[in-house]
Amino acid sequence: ESVLISQQSHEEMMRVIRENNERKASGETCKLIVLSLALQPVLSLGNKFALSQREMVGKLCGFFKRLGVDLILDVGLAHCFTLLELESEFIERFRTGQQGGPLFSSECPGWICYAEKSHGDFILPNISRVKSPQQVMGTLVKTYLADKLSVHPSNVYHVTLMPCYDKKLEASRGDFYNEQLACRDVDCVITAVEVEVLLVNENVNLHTEREDTLDWPWDAQESRKQEDMIVVEGGSSGGYAHQVFLQTMRHLFPHLETIPSVEFKPLRNPDMKEFTFTHGDTTLRFCIANGFRNIQNLIQKLKRKKCLYDFIEIMACPAGCLNGGAQIRNEGAGTNSRETVLELETTLNGLKKQEPFQNETVHQLYTKWLGGRDTDKAKALLYTNYHNIPKNNIALNVKW
Ligand code: SF4
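What follows deals with the layout of surface pockets. Taken as a whole, the largest pocket holds about 730 Å³ of empty space. What lines the largest pocket is a set of 27 residues, and nearest its centre among them are Ser 237, Asp 271, Lys 273, Ala 319 and Glu 345. Sorting the residues of the lining of the largest pocket by element identifies helix H11 (239-252), strand E12 (282-290) and helix H13 (338-349) as the ones contributing at least two each. No other element matches the six residues that H13 contributes to the lining of the largest pocket. In the lining of the largest pocket, the residues fall into nine nonpolar, 11 polar and seven charged.

Have a look at this one:
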């Protein structure tokens, strides 16, 4: 895993960018370099440099474009696809009574890796098969965007900015290597701490760095630019459970005048919460478990049939991705990230949100790219598989 992390680093990205710039200068065919930004590391960098989300995005776009990145995209678009598919998967399962247990969210690779190694038979059949936002973004870039721009996918170098190192392992899974196209969906993953190092190495003064905007090459019309990232309603810890609940209510009870507000009740600690809603004969039971201690306790309880849930959102990091292992901690905070996470949560709460189904581009892409909702193409491109890895089989653990 350490070899992989050194391959998938800001150093590797800089090497590819330098070589590409040399090819550009000598008129040779070069790669299209695409960087996709996730919200959490952008907020982390903004917190570090006392910049708002919009200012930080502007500075990052200016800096990376100056280095030689061709397009800078927002992972928020892919987040909308992940949420919409997860909602459909849950509603279908709940309506048809297929529950062999709760549906577990699958967007955290730390959790997936643990489930595959430790509880395969018990958990894997119940984990949502929907790809994480990072991997949906990878598929979007290497299929739809490469095709639209008439570039072979293997000539697109796709980098993502993510909150943790587990995302590097996720990008390297054999499931996300496209044999036909001979390339990965995501070629390199960098993190907030790596960008901080890069800014120092490149002697960047963010106050004088020119700003630029995100690219938006998705619409049928001419490409446009956008200044703000898409912030999905409920996009921090608990966001998946929150959104799945709202959408399930709309589907199961279309005549309800108001959807009840979702208030998760903390159980033994703030990283373990539940929410139950009953209407007529229907009861929906949702749970959020963050951090490995809570996850282990929850699984033991589920195995002993001591608790019953319909949907469980699981994140390996306490407080979720804002607290990812590669986010920047406040100076002097050491490993105590609580204060930093509270600051990031405050910033996130102040951002304007949207619900995934409100995004017009997502609707257009379902039609243009996937041929609609629930098509074979949508299933093939937006879903993935998991593998039961025997505990003592280290070789099978690493699939790249
Ligand atoms: Fe990564 Fe932590 Fe988020 Fe999981 S919860 S995806 S390990 S940052």
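Applying the stated criterion across every chain yields a total of 20 salt bridges. A salt bridge links Asp 175 to Arg 173, with the shortest nitrogen-to-oxygen separation between them at 3.4 Å. Since its relative accessible area comes to 27%, Asp 175 is described here as partly exposed. Of the charged contacts in the structure, one is a salt bridge between Lys 379 and Asp 374, with a shortest N-O distance of 3.6 Å. By sharing partners, the salt bridges in this structure join Lys 48, Glu 196 and Glu 331 into a single network.

Across soluble globular proteins, nonpolar side chains show a tendency to be buried alongside one another. Ranked by size, the top nonpolar core spans 80 residues in total, and within it Phe 81, Trp 111, Trp 218, Phe 286 and Leu 298 carry the most contacts. Here the element with the most residues in this core is helix H5 (residues 76-95); it accounts for nine residues. For this core, the domains that each give at least three residues are domain 1 (2-78 + 132-231 + 357-382) and domain 2 (81-130 + 233-324). Among residues more than four places away in sequence, those in contact with Leu 298 are Met 272, Cys 287, Ala 289, Cys 307, Tyr 309, Ile 312 and Ile 314. In this structure, Ile 33, Leu 37, Val 69 and Leu 214 belong to the second largest nonpolar core, which totals 40 residues.

Our next topic: the environment of Leu 103. Summarising the element assignment, Leu 103 is placed in strand E3 (residues 103-104). Non-local contacts of Leu 103, meaning those with residues more than four positions away in its chain, are made with Leu 86, Glu 89, Phe 90, Arg 93, Asn 126, Ile 127, Ser 128, Asp 310, Phe 311 and Ile 312.

On to the site of the ligand. Near the ligand the following residues occur: Cys 108, Pro 109, Pro 163, Cys 164, Lys 167, Met 315, Ala 316, Cys 317, Cys 321 and Gly 324. Of the residues belonging to the shell around the ligand, the class tally is eight nonpolar, one polar and one charged. Built from parts of two domains, the shell around the ligand gets at least three residues from each of domain 1 (2-78 + 132-231 + 357-382) and domain 2 (81-130 + 233-324).

Thresholds applied
- Residues numbered from 1 in each chain as written.
- Predicted model: local features only at pLDDT ≥ 70, side-chain atom pairs only at ≥ 80, totals over all residues.
- Heavy atoms only, no water.
- 1 Å grid on protein atoms, 1.4 Å probe; cavity = no way out; pocket = protein on both sides within 12 Å on 5 of 7 lines; lining within 4 Å.
- Points joined across faces, edges and corners; volume = space filled by probe spheres on them.
- Helix = DSSP H or I, 4+ residues; strand = E, 2+ residues; numbered from the N terminus.
- Nonpolar A, V, L, I, M, F, W, Y, C, P; charged D, E, K, R; others polar.
- Salt bridge = Lys/Arg side-chain N within 4 Å of Asp/Glu carboxyl O.
- Buried < 20%, exposed > 50% of the residue type's maximum accessible area, 1.4 Å probe, protein only.
- Core = buried A, V, L, I, M, F, W, Y, C linked by side-chain atoms within 4.5 Å.
- Domains from an automatic or database assignment.
- Contact = heavy atoms within 4.5 Å.
- Near = heavy atom within 4 Å.

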